[in-house]
Amino acid sequence: VKIAQVLASKSGGVATIPPSATIADLVDALGHHHIGAMVVSPDGRAVSGIVSERDVVRALRMDPDVLSRPVHSIMTSEVHTAEPDGTVDELMALMTERRFRHVPVLEDGVLIGIVSIGDVVKVRLGELEDERAALMDYITKGG
Ligand code: AMP
(Lines give C-alpha, C1' and ligand atoms only; values in the text may rest on other atoms or scores of the structure.)
Protein backbone atom coordinates (compact mmCIF):
# COMPACT_ATOMS: atom_id res chain seq x y z
CA VAL A 1 0.00 0.00 0.00
CA LYS A 2 1.30 3.44 -0.99
CA ILE A 3 1.43 6.36 1.43
CA ALA A 4 -0.66 8.42 -1.03
CA GLN A 5 -3.54 5.94 -0.55
CA VAL A 6 -3.40 6.40 3.22
CA LEU A 7 -3.51 10.19 2.89
CA ALA A 8 -6.47 9.96 0.49
CA SER A 9 -8.43 7.96 3.07
CA LYS A 10 -7.85 10.55 5.80
CA SER A 11 -10.02 13.62 6.11
CA GLY A 12 -8.69 17.10 6.76
CA GLY A 13 -5.20 18.50 6.37
CA VAL A 14 -2.16 18.42 8.62
CA ALA A 15 -2.23 20.28 11.91
CA THR A 16 0.80 22.59 12.16
CA ILE A 17 1.99 25.06 14.78
CA PRO A 18 4.43 27.98 14.34
CA PRO A 19 7.84 27.67 16.07
CA SER A 20 7.17 30.78 18.19
CA ALA A 21 3.84 29.51 19.58
CA THR A 22 3.98 28.63 23.27
CA ILE A 23 3.89 25.12 24.67
CA ALA A 24 0.58 26.11 26.31
CA ASP A 25 -0.78 26.74 22.77
CA LEU A 26 0.59 23.36 21.69
CA VAL A 27 -1.07 21.51 24.58
CA ASP A 28 -4.35 23.25 23.78
CA ALA A 29 -4.14 22.31 20.08
CA LEU A 30 -3.16 18.67 20.75
CA GLY A 31 -6.14 18.33 23.09
CA HIS A 32 -8.50 20.13 20.74
CA HIS A 33 -7.61 17.99 17.70
CA HIS A 34 -7.27 14.72 19.66
CA ILE A 35 -3.79 14.14 18.23
CA GLY A 36 -0.39 13.23 19.68
CA ALA A 37 1.96 15.34 17.59
CA MET A 38 2.13 18.43 15.40
CA VAL A 39 4.43 19.50 12.62
CA VAL A 40 6.20 22.76 13.51
CA SER A 41 5.98 25.08 10.52
CA PRO A 42 6.11 28.84 9.98
CA ASP A 43 3.68 28.73 7.04
CA GLY A 44 1.98 25.31 6.96
CA ARG A 45 4.20 24.22 4.04
CA ALA A 46 7.83 24.07 5.22
CA VAL A 47 8.82 21.71 8.04
CA SER A 48 10.92 23.25 10.84
CA GLY A 49 10.44 20.35 13.24
CA ILE A 50 8.02 17.99 14.90
CA VAL A 51 6.76 18.06 18.47
CA SER A 52 4.82 15.33 20.25
CA GLU A 53 3.16 14.84 23.62
CA ARG A 54 6.30 12.93 24.58
CA ASP A 55 8.39 16.10 24.19
CA VAL A 56 5.93 17.99 26.40
CA VAL A 57 6.12 15.34 29.13
CA ARG A 58 9.93 15.33 29.00
CA ALA A 59 10.05 19.15 29.21
CA LEU A 60 7.55 19.27 32.10
CA ARG A 61 9.65 16.77 34.01
CA MET A 62 12.69 19.08 33.73
CA ASP A 63 10.82 22.33 34.31
CA PRO A 64 7.19 22.54 35.53
CA ASP A 65 7.00 26.15 34.27
CA VAL A 66 7.64 25.15 30.69
CA LEU A 67 4.22 26.20 29.34
CA SER A 68 5.23 29.78 28.46
CA ARG A 69 8.29 28.70 26.51
CA PRO A 70 8.22 28.52 22.69
CA VAL A 71 7.52 25.27 20.85
CA HIS A 72 10.87 25.42 19.01
CA SER A 73 12.69 25.00 22.34
CA ILE A 74 11.40 21.41 22.71
CA MET A 75 10.78 20.27 19.13
CA THR A 76 12.83 17.67 17.26
CA SER A 77 14.48 19.51 14.35
CA GLU A 78 15.81 16.53 12.45
CA VAL A 79 12.56 15.21 11.10
CA HIS A 80 12.25 11.91 9.25
CA THR A 81 9.81 12.43 6.41
CA ALA A 82 8.28 10.30 3.67
CA GLU A 83 7.09 10.82 0.10
CA PRO A 84 3.62 9.95 -1.22
CA ASP A 85 4.91 7.17 -3.48
CA GLY A 86 6.70 5.45 -0.58
CA THR A 87 5.04 2.42 1.01
CA VAL A 88 3.35 1.86 4.35
CA ASP A 89 5.70 -1.10 4.92
CA GLU A 90 8.68 1.28 4.77
CA LEU A 91 6.98 3.61 7.24
CA MET A 92 6.26 0.73 9.60
CA ALA A 93 9.95 -0.26 9.54
CA LEU A 94 11.04 3.36 10.14
CA MET A 95 8.63 3.82 13.06
CA THR A 96 9.65 0.53 14.65
CA GLU A 97 13.37 1.18 14.26
CA ARG A 98 13.31 4.85 15.35
CA ARG A 99 10.54 4.51 17.94
CA PHE A 100 8.39 7.40 16.81
CA ARG A 101 4.74 7.32 15.91
CA HIS A 102 4.40 10.12 13.35
CA VAL A 103 5.92 10.73 9.92
CA PRO A 104 5.16 13.91 7.93
CA VAL A 105 4.72 13.42 4.18
CA LEU A 106 6.35 15.92 1.79
CA GLU A 107 5.89 16.39 -1.94
CA ASP A 108 8.53 18.61 -3.62
CA GLY A 109 9.52 19.84 -0.16
CA VAL A 110 5.98 20.91 0.73
CA LEU A 111 4.05 19.35 3.61
CA ILE A 112 1.00 17.45 2.29
CA GLY A 113 0.10 15.11 5.14
CA ILE A 114 1.11 13.10 8.17
CA VAL A 115 0.88 9.37 8.83
CA SER A 116 0.53 8.14 12.40
CA ILE A 117 1.19 4.68 13.80
CA GLY A 118 -2.61 4.33 14.10
CA ASP A 119 -2.95 4.78 10.32
CA VAL A 120 -0.23 2.17 9.76
CA VAL A 121 -1.91 -0.35 12.08
CA LYS A 122 -5.24 0.20 10.28
CA VAL A 123 -3.69 -0.57 6.86
CA ARG A 124 -1.86 -3.62 8.21
CA LEU A 125 -5.02 -5.03 9.84
CA GLY A 126 -6.87 -4.59 6.52
CA GLU A 127 -4.10 -6.47 4.68
CA LEU A 128 -4.12 -9.32 7.21
CA GLU A 129 -7.91 -9.56 7.02
CA ASP A 130 -7.78 -9.77 3.18
CA GLU A 131 -5.11 -12.47 3.38
CA ARG A 132 -7.17 -14.42 5.90
CA ALA A 133 -10.28 -14.23 3.71
CA ALA A 134 -8.30 -15.42 0.66
CA LEU A 135 -6.86 -18.35 2.62
CA MET A 136 -10.30 -19.29 3.99
CA ASP A 137 -11.64 -19.23 0.43
CA TYR A 138 -8.80 -21.42 -0.73
CA ILE A 139 -9.33 -23.93 2.06
CA THR A 140 -13.11 -24.16 1.83
CA LYS A 141 -13.59 -23.80 -1.93
CA GLY A 142 -10.27 -25.18 -3.13
CA GLY A 143 -9.04 -21.91 -4.66
P1 AMP B 1 6.12 10.20 18.98
O2 AMP B 1 6.33 8.73 19.17
O3 AMP B 1 5.71 10.55 17.58
O4 AMP B 1 5.24 10.80 20.03
O5 AMP B 1 7.56 10.90 19.12
C6 AMP B 1 8.57 10.47 20.00
C7 AMP B 1 9.79 11.38 19.85
O8 AMP B 1 10.29 11.34 18.50
C9 AMP B 1 9.55 12.86 20.14
O10 AMP B 1 10.72 13.40 20.70
C11 AMP B 1 9.28 13.47 18.77
O12 AMP B 1 9.64 14.83 18.69
C13 AMP B 1 10.17 12.63 17.89
N14 AMP B 1 9.58 12.39 16.56
C15 AMP B 1 8.30 12.08 16.25
N16 AMP B 1 8.13 11.90 14.94
C17 AMP B 1 9.33 12.11 14.37
C18 AMP B 1 9.83 12.09 13.02
N19 AMP B 1 9.04 11.79 11.98
N20 AMP B 1 11.14 12.38 12.82
C21 AMP B 1 11.95 12.67 13.85
N22 AMP B 1 11.56 12.69 15.13
C23 AMP B 1 10.27 12.43 15.41
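All residue numbers here refer to positions counted from 1 along the written sequence of the relevant chain. Given that this is a predicted model, residues contribute local features only at a pLDDT of at least 70 and side-chain atom pairs are listed and counted only at 80 or more, while totals for whole chains, interfaces and linings are drawn from all residues. Each side-chain value is worked out from all heavy atoms of the structure, with water and hydrogens disregarded.

1. A word on unusual backbone geometry
Although it is not a glycine, R99 sits at a positive phi angle of roughly 60 degrees. Numbered from the N terminus, helices here are DSSP runs of H or I no shorter than four residues, and strands are runs of E no shorter than two. Residue placement: R99 occurs in the loop between α4 (88–98) and β4 (102–107). A positive phi is found at D108, a non-glycine position, where the angle reads about 50 degrees. With respect to the helices and strands, the residue D108 is situated in the loop between β4 and β5 (110–116).

2. Some details on the pattern of salt bridges
When a carboxyl oxygen of Asp or Glu is within 4 Å of a side-chain nitrogen of Lys or Arg, the pair counts as a salt bridge. Summed over all chains, the structure comprises 7 salt bridges. R58 serves as the salt-bridge partner of D55, at 3.4 Å between the closest nitrogen and oxygen. Here D55 pairs with R58, and both are found in helix α3 (residues 53–62), just 3 residues apart, close to one helical turn. Burial classes follow relative accessibility: with a 1.4 Å probe on protein chains only, a residue under 20% of its type's maximum area counts as buried, one over 50% as exposed, and anything between as partly exposed. Judged by its relative accessible area of 8%, D55 is buried.

3. Some remarks on the site of the ligand
Around the ligand, a shell composed of 14 residues is seen, among which S52, D55, T76, R101 and H102 lie nearest. Polar contact is the term for a pair of N or O atoms within 3.5 Å; when the atoms are in protein, one must be able to donate a hydrogen and the other to accept it, and sequence-neighboring residues count only if both atoms are side-chain atoms. At 2.7 Å from an oxygen atom of the ligand is found a side-chain nitrogen or oxygen belonging to S52. Contact with the protein chains hides 94% of the accessible area of the ligand, taken as 470 Å² for the molecule alone. Of all the elements in the fold, those that place two or more residues in the shell around the ligand are β3 (49–52), α3 and β4. Residues are labelled near a given molecule or strand when at least one of their non-hydrogen atoms is within 4 Å of it. Note on areas: Shrake-Rupley with a 1.4 Å probe; residue coverage comes only from the protein chains shown.

4. Quick notes on the nonpolar core
In this structure, I17, L26, M38, V40, V51, V71 and I74 are the most contacted members of the largest nonpolar core, which totals 15 residues. When residues of this core are traced back to their parent elements, those giving at least two are α2 (23–33), β2 (37–40) and α3. The element that contributes the greatest number of residues to this core is α2, accounting for 4 residues. Only heavy atoms enter the contact rule, under which two residues are in contact if any of them lie within 4.5 Å. Leave out the neighbours within four places in its chain, and V71 touches I17, P18, P19, A21, T22, I23, L26, V40 and V51. In this structure, V6, L7, V88 and M95 belong to the second largest nonpolar core, which totals 12 residues. By nonpolar core is meant a set of buried Ala, Val, Leu, Ile, Met, Phe, Trp, Tyr and Cys residues that side-chain atoms within 4.5 Å join together.

5. Digging into a nonpolar patch on the surface
The patches reported here contain residues having more than 30% relative accessible area and no salt bridge. Joining distances are 9 Å for like charges and 5 Å for nonpolar side chains (Val, Leu, Ile, Met, Phe, Trp, Tyr). A grouping of I117, V121, L125 and L128 is seen on the molecular surface, where their side chains present a nonpolar patch of about 340 Å² in accessible area. With respect to the helices, strands and loops of the structure, L125 is situated in helix α5 (residues 117–141). By relative accessible area, which is 52% here, L125 ends up exposed.

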